[in-house]
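Breakdown of the fold
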Amino acid sequence: MRVEEQRGPRDVASAVLFREILKPLARGLGPVGEIALGTVADELFARKRR
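Residues numbered from 1 in each chain as written. Predicted model: local features only at pLDDT ≥ 70, side-chain atom pairs only at ≥ 80, totals over all residues. Heavy atoms only, no water.

Looking now at the overall build of the protein. Across its full length, the protein carries 2 helices and 0 strands. Looking at the protein as a whole, 16% of its 50 residues qualify as buried. Surface exposure of the protein reaches about 4200 Å², of which carbon and sulfur atoms provide 62%. (Helix = DSSP H or I, 4+ residues; strand = E, 2+ residues; numbered from the N terminus. Buried < 20%, exposed > 50% of the residue type's maximum accessible area, 1.4 Å probe, protein only. Areas by Shrake-Rupley, 256 points an atom, 1.4 Å probe, with all protein chains shown as cover.)

Quick look at the structure:
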(Lines give C-alpha, C1' and ligand atoms only; values in the text may rest on other atoms or scores of the structure.)
Protein backbone atom coordinates (compact mmCIF):
# COMPACT_ATOMS: atom_id res chain seq x y z
CA MET A 1 0.00 0.00 0.00
CA ARG A 2 1.26 3.45 -0.86
CA VAL A 3 1.61 6.22 1.72
CA GLU A 4 -1.15 8.27 0.05
CA GLU A 5 -3.63 5.42 0.48
CA GLN A 6 -2.84 5.02 4.18
CA ARG A 7 -2.97 8.72 4.96
CA GLY A 8 -6.73 9.12 4.38
CA PRO A 9 -8.12 7.13 7.33
CA ARG A 10 -5.44 8.40 9.69
CA ASP A 11 -6.17 12.02 8.74
CA VAL A 12 -9.90 11.53 9.22
CA ALA A 13 -9.29 10.01 12.66
CA SER A 14 -7.06 12.97 13.56
CA ALA A 15 -9.75 15.42 12.45
CA VAL A 16 -12.38 13.67 14.58
CA LEU A 17 -10.08 13.63 17.60
CA PHE A 18 -9.27 17.34 17.10
CA ARG A 19 -12.99 18.15 16.98
CA GLU A 20 -13.74 16.16 20.12
CA ILE A 21 -10.94 17.80 22.09
CA LEU A 22 -12.06 21.31 21.19
CA LYS A 23 -15.81 20.64 21.31
CA PRO A 24 -16.31 22.27 24.76
CA LEU A 25 -14.67 25.46 23.48
CA ALA A 26 -16.78 25.49 20.32
CA ARG A 27 -19.97 24.79 22.28
CA GLY A 28 -19.56 28.11 24.07
CA LEU A 29 -19.60 29.89 20.70
CA GLY A 30 -22.79 28.18 19.54
CA PRO A 31 -23.45 26.75 16.08
CA VAL A 32 -20.98 29.11 14.43
CA GLY A 33 -18.19 27.80 16.65
CA GLU A 34 -19.00 24.20 15.79
CA ILE A 35 -19.03 24.95 12.07
CA ALA A 36 -15.73 26.85 12.33
CA LEU A 37 -14.14 24.03 14.31
CA GLY A 38 -15.26 21.47 11.71
CA THR A 39 -13.89 23.58 8.89
CA VAL A 40 -10.53 24.04 10.61
CA ALA A 41 -10.28 20.32 11.45
CA ASP A 42 -11.04 19.34 7.85
CA GLU A 43 -8.55 21.84 6.49
CA LEU A 44 -5.78 20.72 8.84
CA PHE A 45 -6.26 16.97 8.65
CA ALA A 46 -8.71 15.66 6.10
CA ARG A 47 -8.25 17.66 2.89
CA LYS A 48 -5.80 16.46 0.29
CA ARG A 49 -2.51 18.28 0.42
CA ARG A 50 -0.86 19.31 -2.82
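The rest of the description comes next.
Turning next to the pattern of salt bridges. Applying the stated criterion across every chain, the model contains 2 salt bridges. Note that Asp42 and Arg19 form a salt bridge whose closest N and O atoms lie 2.6 Å from each other. Within this pair, whereas Asp42 is found in helix α2 (residues 31-46), its partner Arg19 is found in helix α1 (residues 3-27), the two being separated by 23 residues in sequence. Judged by relative accessible area, Asp42 falls into the partly exposed class, the value being 24%. The partner of Glu20 in a salt bridge is Lys23, with the nearest N and O atoms 3.1 Å apart. With Glu20 and Lys23 both in helix α1 and 3 residues apart, the pair spans about one turn of that helix. (Salt bridge = Lys/Arg side-chain N within 4 Å of Asp/Glu carboxyl O.)

Looking at the element boundaries, Gly8 is found in helix α1. On the basis of relative accessible area, Gly8 is assigned to the partly exposed category, the value being 33%. Along the chain, Gly8 and Ala46 lie 38 residues apart, while their C-alpha atoms are 7.0 Å from each other.

Residue pairs three or four apart in sequence face the same way in an α-helix, which turns once every 3.6 residues. Compared with the 22 Å implied by 1.5 Å per residue over 16 residues, the 21 Å span of α2 between its first and last C-alpha is a close match. Among all positions of α2, only Gly33, Leu37, Gly38 and Ala41 are buried. One side of α2 holds all its buried residues, which, seen down the axis, span an arc of 135°. The exposed set on the far side of α2, more than 90 degrees from its buried face, consists of Pro31, Val32 and Ile35. (Expected span 1.5 Å × (residues − 1). Arc of directions from axis to C-beta.)

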